[in-house]
Amino acid sequence: MVITLVNPGGLPEVGAYRQVSVATGSKLVFIAGQVAWGPDGVTVGEGDLAAQVERCYLNIGIALAEVGASFDDVAKLTFYVVDWTPDKMPLLMEGLTRAAAKLGVTPVPPATLLGVAALDVPDHLVEIEATAVID
């Protein structure tokens with residue numbers, strides 16, 4: 001495995017992700033921010049943050065598979081959430097949990113969550129981008 005995930009002593013342990021990833025592979029994979037578009041280009045889960053997070057994760061899984069990678073190869077995730085407030089965390093985690101169950105993974109690489117005013121399409125509530133490392 002080319003990614004080792006670490007929770008260093010002296011930093012808080014966060015259940016949703018690890019604080020550090022160490023990559024030893026030779027190819028970097030940058031996945032554009034994925035929104036809640038289904039294969040037909042129609043927004044999935046309009047107004048439903050959990051459904052949109054789930055679709056974003058599934059789209060990342062499709063992109064990873066296309067280049068011979070999986071969530072085990074993801075070194076970093078970045079979440080952009082419209083009008084973020086901490087009370088939205090349960091919905092975000094619900095979407096992650098559902099997607100992880102469908103994909104059969106436990107995605108816990110380091111992550112950054114940013115609240116944003118808007119995304120490219122008004123119906124989109126979240127966008128998630130990923131960086132992976134493969135051999």
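Let me sum up the structure you'll find in this document. A quick note: this is a predicted structure, and the numbers were derived from the prediction, not measured.

## So, the layout of surface pockets
Then comes step 1: Quantified by volume, the largest pocket comes out at close to 180 Å³.
Then comes step 2: Lining the largest pocket are 15 residues, and of these Ala16, Tyr17, Phe79, Leu92 and Ala111 lie nearest its centre.
Then comes step 3: With four residues, helix α2 (residues 89-103) is the largest single contributor of residues to the lining of the largest pocket.
Then comes step 4: Each residue belonging to the lining of the largest pocket can be placed in one class, and the counts come to 14 nonpolar, one polar and no charged.

## Concerning unusual backbone geometry
Then comes step 1: With phi around 50°, Asp83 is a residue other than glycine that occupies positive phi space.
Then comes step 2: Structurally, Asp83 is set in the loop between β4 (74-82) and α2.

## Digging into the sheet that holds strand β6 (residues 126-134)
Then comes step 1: Strand order in the open sheet formed by four strands is β3-β6-β4-β5, and the pairing between neighbours is mixed. Only two strands of the sheet have a single partner each, and these edge strands are β3 (27-34) and β5 (111-116). This sheet shows a mean twist of 10° between the axes of neighbouring strands, independent of strand direction.
Then comes step 2: Where β4 and β5 come together, six bridges link them in parallel fashion. Within the sheet, the bridge partner assigned to Leu77 lies in β5 and is Ala111.
Then comes step 3: Contacts from helix α1 (residues 49-66) reach β3, β4 and β6, with the element oriented near 25° to β6.

## A few points about the pattern of salt bridges
Close approach of charged atoms allows side chains with opposite charge to pair.
Then comes step 1: One pass over the structure, following the stated rule, counts three salt bridges.
Then comes step 2: One salt bridge in this structure joins Glu54 and Arg98, with 2.8 Å as the shortest N-O distance. Of this pair, Glu54 sits in helix α1 while Arg98 is found in helix α2, placing the two residues 44 residues apart along the sequence.
Then comes step 3: Taking relative accessible area as the criterion, Glu54 reaches 8% and is therefore assigned buried.
Then comes step 4: The class of Arg98 is partly exposed, set by a relative accessible area of 30%.
Then comes step 5: Between Arg98 and Glu94 there is a salt bridge, and its shortest N-O distance comes to 2.6 Å. Placement of the pair is Arg98 and Glu94 together in helix α2, with a separation of four residues, close to one helical turn.
Then comes step 6: A residue is classified by how much of its surface remains accessible, and Glu94, at 35% relative accessible area, is partly exposed.
Then comes step 7: Three or more residues joined by partner-sharing salt bridges are found here, namely Glu54, Glu94, Arg98 and Lys102.

## Quick look at α2
Then comes step 1: The terminal C-alpha atoms of α2 lie 21 Å apart, and with 15 residues this matches the ideal 21 Å at 1.5 Å per residue to within 8%.
Then comes step 2: Listing the buried residues of α2 in full gives Leu92, Gly95, Leu96, Ala99 and Ala100. The arc that holds every buried residue of α2, seen down its axis, measures 130°, which confines them to one face. With respect to the buried face of α2, the exposed residues turned more than 90 degrees away are Pro90, Thr97, Ala101 and Lys102.
Then comes step 3: Positioned one or two residues after α2, Gly104 has a phi angle of 70°, which is positive.

Rules behind the numbers
Residues numbered from 1 in each chain as written. Predicted model: local features only at pLDDT ≥ 70, side-chain atom pairs only at ≥ 80, totals over all residues. Heavy atoms only, no water. 1 Å grid on protein atoms, 1.4 Å probe; cavity = no way out; pocket = protein on both sides within 12 Å on 5 of 7 lines; lining within 4 Å. Points joined across faces, edges and corners; volume = space filled by probe spheres on them. Helix = DSSP H or I, 4+ residues; strand = E, 2+ residues; numbered from the N terminus. Nonpolar A, V, L, I, M, F, W, Y, C, P; charged D, E, K, R; others polar. Pairing = 2+ DSSP bridges. Axes fitted to C-alpha atoms, helices over the stretch in contact; angles between N-to-C directions. Contact = heavy atoms within 4.5 Å. Salt bridge = Lys/Arg side-chain N within 4 Å of Asp/Glu carboxyl O. Buried < 20%, exposed > 50% of the residue type's maximum accessible area, 1.4 Å probe, protein only. Expected span 1.5 Å × (residues − 1). Arc of directions from axis to C-beta.

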